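Chain and residue survey
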Amino acid sequence: MSGRYDDIIHLPHHVSPTRTPMSAADRAAQFSPFAPLTGHGAALREAARLTEEKAELTQESLEALDRRLQIIRAALPQRPEVAMTVFIPDEKKAGGAYVTITGAVVSIDEYDRTLLMQDGRRVPLDDIAALESPLFRVMED
């Protein structure tokens with residue numbers, strides 16, 4: 001079988017004496033896909049990310065939450081451990097997410113309406129949806 005390139009097919013690969021060979025990563029970059037819409041994927045992911053609206057608490061829920069805050073206030077010298085469900089507003093779009101925060105309570109600032117945690121976090125009282133603590137079980141028994 002005689003082919004068109006039989007005279008050169010078995011010659012050694014040419015290596016330039018004056019230029020350094022290109023790295024495999026640089027060679028691969030030549031063939032990477034072109035992305036003309038830079039940031040478009042991130043914008044689509046952001047638009048698809050779901051947030052939820054802040055739920056309005058009933059009067060009963062607000063009263064129960066207030067009673068529990070009073071119990072925590074009375075136990076502040078012992079730095080009571082709590083687990084609370086808090087609404088965190090989203091920084092980029094309307095709504096937010098409910099997260100559970102656990103830790104010891106150091107103080108309750110009535111002026112700023114915040115709960116100061118031992119780790120330094122300040123939780124707005126108006127964003128607390130639920131509050132749990134071993135203290136409540138003792139008081140309710």
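Per chain, residues are indexed from 1 in the order of the written sequence. Where totals are concerned, whole chains, interfaces and linings use all residues; where local detail is concerned, this predicted model gives features only for residues with pLDDT of at least 70, and gives and counts side-chain atom pairs only at 80 or more. For side-chain calculations, the full set of non-hydrogen atoms in the structure is used, while hydrogens and water are omitted.

1. Quick word on the pairing of strand β1 (residues 81-89)
Looking down a regular strand, the side chains alternate between one sheet face and the other. Where β1 meets strand β2 (residues 96-109), 9 bridges bridge the pair, whose relative direction is antiparallel. Within β2, the residue paired with E81 across the bridge is A104. In textbook terms, the turn of a hairpin is the stretch between consecutive antiparallel strands, and for β1 and β2 this stretch comprises 6 residues, one of which, G95, has a positive phi near 95°. A strand pair is defined by DSSP finding two or more bridges across the two strands. Starting at the N terminus, helices and strands are each numbered in turn, a helix being any DSSP run of H or I of at least four residues and a strand any DSSP run of E of at least two. Where β1 and strand β5 (residues 128-132) come together, 4 bridges link them in antiparallel fashion. Of the residues in β5, the one forming a bridge with V86 is I128.

2. A word on helix α3 (residues 59-74)
Look at α3: 23 Å from first C-alpha to last across 16 residues, which is about the 22 Å you get at 1.5 Å a residue. The complete set of buried residues in α3 reads L65, R68, L69 and I72. Viewed end-on, α3 has its buried residues packed into an arc of 105°, placing them on one side of the element. Structural note: α3 exposes Q59, E60, R67 and A74 on the side pointing more than 90 degrees away from its buried face. Helix span, as expected, comes to 1.5 Å for every residue beyond the first. Each residue gets one of three labels from its accessible area relative to the maximum for its type: buried under 20%, exposed over 50%, partly exposed in between, using a 1.4 Å probe on protein chains only. What the arc covers is the set of directions going from the helix axis to the C-beta atoms.

3. Re the confidence of the model for the protein
Each residue carries a pLDDT value, the predictor's own confidence for that position, ranging from 0 to 100. A residue-level look at the protein finds 96% of positions with pLDDT of 70 or above and a mean pLDDT of 88. Ranking the helices and strands of the protein by mean pLDDT puts strand β4 (residues 122-124) first, with 95, and helix α4 (residues 134-140) last, with 71.

4. Notes on the environment of E46
Positionally, E46 belongs in helix α2 (residues 40-48). Each C-alpha atom, one on E46 and one on V106, is 36 Å from the other, the two residues being 60 residues apart in sequence. If sequence neighbours within four positions are ignored, E46 has contacts with K92 and K93. We define a polar contact as two N or O atoms separated by no more than 3.5 Å, with the added condition that, inside protein, one atom must be a possible hydrogen donor and the other a possible acceptor, whereas residues neighbouring each other in sequence contribute only through side-chain atom pairs. Within the structure, E46 has its side chain in polar contact with the side chain of R49 (distance 2.5 Å). Note on contacts: a residue pair qualifies if any of its non-hydrogen atoms lie within 4.5 Å across the two residues.

5. Overview of the sheet that holds β4
Taken together, 5 strands build an open sheet; the order of strands is β4-β3-β2-β1-β5 and the sheet is antiparallel. A single partner strand is all that each edge strand has here, and the edge strands are β4 and β5. Taken pair by pair, the neighbouring strands of this sheet meet at an average axis angle of 40°, ignoring direction. Where helices are involved, their axes are fitted lines through C-alpha atoms of the stretch in contact, as for all axes, and angles between N-to-C directions lie from 0 to 180°. Along the sheet face, α3 touches β1, β2, β3 (114-117) and β5 and points at about 50° away from the line of β5.

6. Details of the environment of E132
When you line up the elements, E132 lands in strand β5. The exposure class of E132 is partly exposed, given its relative accessible area of 41%. Residues E132 and E81 lie 51 residues apart in sequence; the distance between their C-alpha atoms is 8.8 Å.

7. Observations regarding unusual backbone geometry
Of note in the backbone geometry, R79 takes a positive phi value of approximately 50° without being a glycine. In this structure, R79 sits in the loop between α3 and β1. Of note, the phi angle at R113 is positive, near 55°, even though the residue is not glycine. For R113, the position within the fold is in the loop between β2 and β3.

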